[in-house]
Amino acid sequence: MLFRLSEFHMNTILLYFSFVIVSAMLAFLSQAKIKIGSSGASYRKIHTVPFLLSYLFLAFFAVFNNIGTDKASYAYFFDISDIGNIYSGFEIGFRLVIGFAKLFTSDSRVFIGLLSFLTVTFYYIGIWKSRMYISAGLAVFIYSSQYYLQQFNLMRMYFAASIAFAFIDLLYKKKFFKFGIVLLISSAIHYSMIFSFMAFLTGWLLKAKNAYSIAERDKTLLISVPVFFMSFFGYNLLSFLSRFPLPVITKYLDYIARSGGFEFGFKWIFNVFPYLLVLCLSKYDKEKKDIYSVNAGYFIMVLAISVMSYRIEMIGRALSVLSIPVVLMLPRVLQDCKEEVKASGQKAVIQIFHVSIRIRYHSIRMITVIYMIFAFLLYLSTYLHADGIEEFRFIW
């Protein structure tokens, strides 16, 4: 079988499925479209209680679990640190977080629980701030199926990534410089956020002067071709940069040293698919050039990291911090596509270069859901042992 889930504790597997089903269903129930009188005008309304219950459900299990390979290490370094002598192996931002937490508690379980709570909170804040543009249920479904379980192990990386979600309104308000600063601050908590900043910067450099056009989308796809081939030499580039005492590069020296042979496959296609889908549907977004340019940068960065990860496996973890287009932008372009298709009475159009593919909106949404379910099952069957979450345990 492709998914060997029977090898694991079935109670744990069923619990993990419940994370996705319950949180997504509550989020879907929280959102409704209300029509105003006979004019046909409508507005989106959020029922706070179901949305809050969805958030609290995931927050509870995030705070009170006792699983994850890296969690014991964070607990140990928190225990041996004090305000005047914090473990120096962490980035300066995370050392400040530890120092601040030490003012209130010396219990590592409280500290880890707080980080987990804030991580889920920041993701949900981002979804809440996006509620007028997206299907909140679809966003929660994507978050809970693609990223939620991984944060049980990669807690510092996901805490850093979640900060960008909490400030997603800066992106909607076109305050790009401030959003870039947020990404840089987040990288002081985990250096992997540099990849998110580089993706955002790439998108800004590619930003079209005019509204979205087929030419601009095709330009991004053409640029991705040399990026794809240059990424094969990412190992050599990182090896060269490792000669310089840069903290970001030093962080990955051990990963470079442990890199093995090169076995290229097709997983990179699987990784870039949701970003490519956003790219192809960006023509439907009401803020066309902004959503396009940001996602274009992330698309190129995901492509580069995916290819490099074949040689340096651990660098593939950085894909976790490039989640904004998948969690927020994909539901946004799907929602705009739905509204435009409904208004025109025609099929949706996906264009790649000058080839147009007409497809029903519901088929696009179904493909998206099937992709997310497949990715979730693939994660469960592949990474449960590696992430140390194969058997769920509470802290008590």
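Here's what I pulled together on the structure shown here. (Residues numbered from 1 in each chain as written. Predicted model: local features only at pLDDT ≥ 70, side-chain atom pairs only at ≥ 80, totals over all residues. Heavy atoms only, no water.)

### Side note on the overall build of the chain
Moving on, step 1. In terms of helices and strands, the chain carries 18 helices and 4 strands.
Moving on, step 2. With 396 residues in all, the chain has 54% of them scored as buried.
Moving on, step 3. Within the chain, contacts between residues at least 6 apart in sequence are counted, and of these 76% link residues at least 24 apart. (Helix = DSSP H or I, 4+ residues; strand = E, 2+ residues; numbered from the N terminus. Buried < 20%, exposed > 50% of the residue type's maximum accessible area, 1.4 Å probe, protein only. Contact = heavy atoms within 4.5 Å.)

### Notes on a nonpolar patch on the surface
Moving on, step 1. A contiguous nonpolar patch, built from Val 49, Leu 52, Leu 53 and Leu 56 and spanning about 350 Å² of accessible area, is present on the exposed surface.
Moving on, step 2. Positionally, Val 49 belongs in helix H2 (residues 48–64).
Moving on, step 3. We classify Val 49 as exposed; its relative accessible area is 58%. (Patch = residues over 30% accessible without salt bridge, like charges linked within 9 Å, V, L, I, M, F, W, Y side chains within 5 Å. Areas by Shrake-Rupley, 256 points an atom, 1.4 Å probe, with all protein chains shown as cover. Salt bridge = Lys/Arg side-chain N within 4 Å of Asp/Glu carboxyl O.)

### A closer look at helix H9 (residues 176–187)
Moving on, step 1. The terminal C-alpha atoms of H9 lie 17 Å apart, and with 12 residues this matches the ideal 16 Å at 1.5 Å per residue to within 8%.
Moving on, step 2. Listing the buried residues of H9 in full gives Phe 176, Phe 179, Gly 180, Val 182, Leu 183, Ser 186 and Ser 187. The buried residues of H9 all sit within an arc of 155° when viewed along its axis, so they share a single face. Seen from the buried face of H9, the exposed residues on the opposite side, beyond 90 degrees, are Phe 177 and Ile 185. (Expected span 1.5 Å × (residues − 1). Arc of directions from axis to C-beta.)

### Concerning the side chain of Asp 70
Moving on, step 1. Tracing the chain through its elements places Asp 70 in the loop between H2 and helix H3 (71–80).
Moving on, step 2. Non-local contacts of Asp 70, meaning those with residues more than four positions away in its chain, are made with Asn 153, Leu 154 and Arg 317.

### Section: the layout of surface pockets
Moving on, step 1. In this structure, the largest pocket occupies an estimated 1,000 Å³ of space.
Moving on, step 2. Contributing elements (two or more residues each) for the lining of the largest pocket: helix H6 (136–146), helix H15 (267–281), helix H16 (288–308) and helix H18 (361–387).
Moving on, step 3. Counting residues per element, the lining of the largest pocket draws most heavily on H18, which supplies 10 residues. (1 Å grid on protein atoms, 1.4 Å probe; cavity = no way out; pocket = protein on both sides within 12 Å on 5 of 7 lines; lining within 4 Å. Points joined across faces, edges and corners; volume = space filled by probe spheres on them.)

### Structural notes on the packing of aromatic side chains
Moving on, step 1. Counting across every chain of the model gives 45 aromatic pairs.
Moving on, step 2. Ring centres of Phe 60 and Phe 64 lie 5.2 Å apart, and the angle between their planes is 50°; this geometry places the pair in the tilted category. Note that Phe 60 and Phe 64 are positioned in helix H2 at a spacing of 4 residues, about one turn of the helix.
Moving on, step 3. Classification of Phe 64 by relative accessible area gives partly exposed; the value is 30%.
Moving on, step 4. In this arrangement the basic side chain of Lys 129 is found over the ring face of Phe 167, its NZ or CZ atom lying 6.0 Å from the centre.
Moving on, step 5. Between the NZ or CZ atom of Arg 131 and the centre of the ring of Trp 128, over which it lies, the distance is 4.0 Å. (Phe/Tyr/Trp six-rings, centres within 6.5 Å; stacked < 30°, edge-to-face > 60°. Lys NZ or Arg CZ within 6 Å of the ring centre and 35° of its normal.)

### Side note on the environment of Ala 139
Moving on, step 1. The topology assignment puts Ala 139 in helix H6.
Moving on, step 2. Residues Ala 139 and Phe 28 lie 111 residues apart in sequence; the distance between their C-alpha atoms is 9.5 Å.
Moving on, step 3. Ignoring sequence-local partners within four residues, the contact set of Ala 139 consists of Ile 127, Ile 134, Val 327 and Pro 331.

### Focus: the packing of helix H1 (residues 10–30) against H2
The relative placement of two packed helices comes down to the angle between their axes together with the axis-to-axis distance.
Moving on, step 1. Interaxial distance between H1 and H2 falls to 7 Å at its minimum, and their mutual angle equals 160°. In terms of orientation, H1 lies roughly antiparallel with respect to H2. Note that H1 runs across H2; the crossing there is left-handed. Along the contact surface, H1 presents Leu 15, Ser 18, Phe 19, Val 22, Ser 23, Leu 26, Ala 27, Leu 29 and Ser 30, while H2 presents Pro 50, Phe 51, Leu 53, Ser 54, Phe 57, Leu 58 and Phe 61.
Moving on, step 2. A breakdown of the residues in the contact of H1 with H2 according to their chemical character gives 12 nonpolar, 4 polar and no charged. (Axes fitted to C-alpha atoms, helices over the stretch in contact; angles between N-to-C directions. Parallel < 35°, antiparallel > 145°, perpendicular 65-115°, else oblique. Left-handed = near helix turned anticlockwise from the far one by under 90°. Nonpolar A, V, L, I, M, F, W, Y, C, P; charged D, E, K, R; others polar.)

### Some words on the pattern of salt bridges
Moving on, step 1. In total, this model carries 5 salt bridges according to the counting rule given.
Moving on, step 2. The salt bridge involving Arg 109 is made with Asp 107; its shortest N-O contact spans 3.4 Å.
Moving on, step 3. What makes Asp 107 partly exposed here is its relative accessible area of 27%.
Moving on, step 4. Connected via shared salt-bridge partners are Lys 129, Asp 169 and Lys 173.

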